[in-house]
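Commentary on secondary and tertiary structure
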Amino acid sequence: MEIKPSTVVYNLDLPALTELVKSWGEPAYRAKQIWQGLYKNIWINPSEFSNLPKSLREKMEANLRFDVLEPTLKLDSTDGQTRKTLFRLPDGRQVEAVLMRYDRRKTLCISTQVGCAMGCTFCATGQMGFTRHLSSGEIVAQVMYYARLLQAEGEVVTNVVLMGMGEPFHNYNNTMQAIDRLNDPEGYNFGARRFTISTSGLVPAIRQFAQEKRQINLAVSLHATEDEKRSSMMPVNKRYDIEELIAACREYVQLTGRRITFEWALIHEINDTPEEARKLSGLLKGLLCHVNAIPLNPTTGYSGQATTRERALAFKEVLEKNGIPCTIRMRRGIDIQAGCGQLAVISL
Ligand code: SAH
Ligand code: SF4
């Protein structure tokens, strides 16, 4: 079923909610009460707003959709700390979001699109193609779903990474609006610094993002140092090549003074050699950055193999000898297909 975007409560910012409440003949301050109920108390349906008159709760019920995401499948990894949820959207499409519990950190990996248009060969989301953008409310709702779940355990979300299904910079405005909504001090008050956006390298969007000087962390998926190889893995490279991409990254660091993260999926014999690490060191020389190396996670449509632990450590060593900090990211949730690049809608 198609629904009007303006009726999804998570699509509204406070001014829009205020207008709506006024159009119902209610005073403006009621909008703020609804806003705080939604984002401070994490109430998820009108019946919970016990501080509001019944007549207003009925108007909310009649005019607004709260249940924009229906969790249809919950999978827990055998590591006991990773949960993947499959959500059904109002039009029947589906997306996934993952909660990773570290010691103190509770990191959410959320989606920005149904599928992805970028077509990276090694990524399950890329392999499924593009269906549609998520609205800002559908992005916000993923966070609020997990915020509510954690609240019941006396916990809170500490970090949000936009590294689920989709290319966030291909859905730029909705993604930024979602972050702004979650960032509102009067509402959920989730600090910009606790978000990380990952992009496959849409250069004009990186430039725009740099100009906006936001405090959000930026990660760029690189995976290769030569255009021919990168284009064969990531078709977006044919549009914006490595030289242009790195120039935009340098511009970003210059304008914002912020460190950039480069992501590198380590694929056996393809990009995990010491030689490749040396080339990467050369490419990133003098750039305020950090490399996040992720052993490739398996996907059905790609035959490349993950690197070994020894090779990953040797790769890291070369980078560090050249002054480039590198971490090897722990693999999480592989048994439930919740690792990087493994998110695609499971057919039930
Ligand atoms: N579209 C954005 C964000 C989502 S993908 C992007 O591409 O950056 C999140 C990260 O997972 C990216 O760095 C991506 O390159 C990486 N990735 C994709 N498929 C992977 C796989 N099979 N194994 C490991 N990492 C993968
Ligand atoms: Fe899209 Fe990112 Fe997957 Fe590439 S790696 S297909 S950009 S989700």
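Model, not experiment: these values are computed from the prediction. (Residues numbered from 1 in each chain as written. Chains lettered and ligands numbered in written order. Predicted model: local features only at pLDDT ≥ 70, side-chain atom pairs only at ≥ 80, totals over all residues. Heavy atoms only, no water.)

1. Here's the deal with the nonpolar core
Judged by nonpolar contacts, the single largest core of 112 residues is most densely connected at Tyr10, Phe169, Tyr188, Phe262 and Leu284. When residues in this core are grouped by element, the largest group, nine residues, is from helix H5 (residues 136-151). Looking at which domains feed residues into this core, each of domain 1 (7-65) and domain 2 (70-336) supplies at least three. (Core = buried A, V, L, I, M, F, W, Y, C linked by side-chain atoms within 4.5 Å. Buried < 20%, exposed > 50% of the residue type's maximum accessible area, 1.4 Å probe, protein only. Helix = DSSP H or I, 4+ residues; strand = E, 2+ residues; numbered from the N terminus. Domains from an automatic or database assignment.)

2. Thoughts on the site of ligand 1
Within the structure, ligand 1 sits among 18 residues, and Phe122, Ser198, Ser221, His223 and Asn297 are positioned closest to it. One of the side-chain N or O atoms of serine 221 is found 2.6 Å from an oxygen atom in ligand 1. In the environment of ligand 1, an oxygen atom lies 3.3 Å from a nitrogen or oxygen atom belonging to the side chain of glutamate 263. When the free accessible area of ligand 1 is taken as 530 Å², the share hidden by the protein chains comes to 96%. For the shell around ligand 1, the secondary structure elements donating two or more residues are strand S8 (195-199) and strand S10 (260-266). For the shell around ligand 1, the per-class residue count stands at six nonpolar, 10 polar and two charged. (Near = heavy atom within 4 Å. Polar contact = N/O pair within 3.5 Å; in protein donor to acceptor, adjacent residues only side chain to side chain. Areas by Shrake-Rupley, 256 points an atom, 1.4 Å probe, with all protein chains shown as cover. Nonpolar A, V, L, I, M, F, W, Y, C, P; charged D, E, K, R; others polar.)

3. Regarding the site of ligand 2
Surveying the vicinity of ligand 2 reveals the residues Cys116, Met118, Gly119, Cys120, Cys123, Gly126, Gly166, Glu167 and Ser200. Considered class by class, the residues forming the shell around ligand 2 number four nonpolar, four polar and one charged.

4. Considering the packing of aromatic side chains
One pass over the full model with this rule turns up 14 aromatic pairs. Measuring from ring centre to ring centre gives 5.2 Å for tyrosine 145 and tyrosine 146, while their planes differ by 85°; the resulting arrangement is edge-to-face. Classification of tyrosine 145 as buried rests on a relative accessible area of 17%. For tyrosine 146, a relative accessible area of 0% gives the class buried. (Phe/Tyr/Trp six-rings, centres within 6.5 Å; stacked < 30°, edge-to-face > 60°.)

5. Here's the deal with the pattern of salt bridges
When their charged atoms lie close together, side chains carrying opposite charge are able to pair. Following the criterion strictly, the structure yields 24 salt bridges and no others. The residue arginine 148 makes a salt bridge to glutamate 48 at a minimum N-O spacing of 2.9 Å. Residue arginine 148 is found in helix H5, and its partner glutamate 48 is found in the loop between helix H2 (29-39) and helix H3 (54-63); the two are separated by 100 residues along the sequence. Given the relative accessible area of 25%, arginine 148 is considered partly exposed. For glutamate 48, a relative accessible area of 21% corresponds to the partly exposed category. Residues glutamate 276 and lysine 229 are paired through a salt bridge, measuring 3.2 Å at the closest nitrogen-oxygen approach. On the criterion of sequence distance, the pair formed by glutamate 276 in helix H11 (residues 274-283) and lysine 229 in helix H8 (residues 227-233) is long-range, its members being 47 residues apart. What you see here is one network of salt bridges that share partners, running through Asp91, Arg93, Arg132 and Glu138. (Salt bridge = Lys/Arg side-chain N within 4 Å of Asp/Glu carboxyl O.)

6. Concerning the domain arrangement of the protein chain
Annotation of the protein chain at the domain level lists domain 1 (7-65) and domain 2 (70-336). Domain 1 and domain 2 are separated by 33 Å when their C-alpha centres are compared. At the junction of the two partners, domain 1 supplies 16 residues and domain 2 supplies 17 residues. Where domain 1 abuts domain 2, roughly 1,400 Å² becomes buried across the two surfaces, and 54% of that area is made up of carbon and sulfur atoms. The interface formed by domain 1 and domain 2 includes two salt bridges. Here domain 1 and domain 2 share 12 residue pairs in polar contact (both at pLDDT 80 or more) between them. The residue makeup of the side of domain 1 that touches domain 2, split by class, is eight nonpolar, three polar and five charged. (Contact = heavy atoms within 4.5 Å. Buried area = accessible area lost by both parts, 1.4 Å probe.)

7. Section: the layout of surface pockets
What the second largest pocket holds in volume is close to 270 Å³. Taken together, 14 residues make up the lining of the second largest pocket; nearest its centre are Ile44, Phe66, Leu69, Pro71 and Tyr145. In terms of residue count, H5 provides more of the lining of the second largest pocket than any other element does, five residues in total. Looking at side-chain class alone, the lining of the second largest pocket contains 10 nonpolar, no polar and four charged residues. (1 Å grid on protein atoms, 1.4 Å probe; cavity = no way out; pocket = protein on both sides within 12 Å on 5 of 7 lines; lining within 4 Å. Points joined across faces, edges and corners; volume = space filled by probe spheres on them.)

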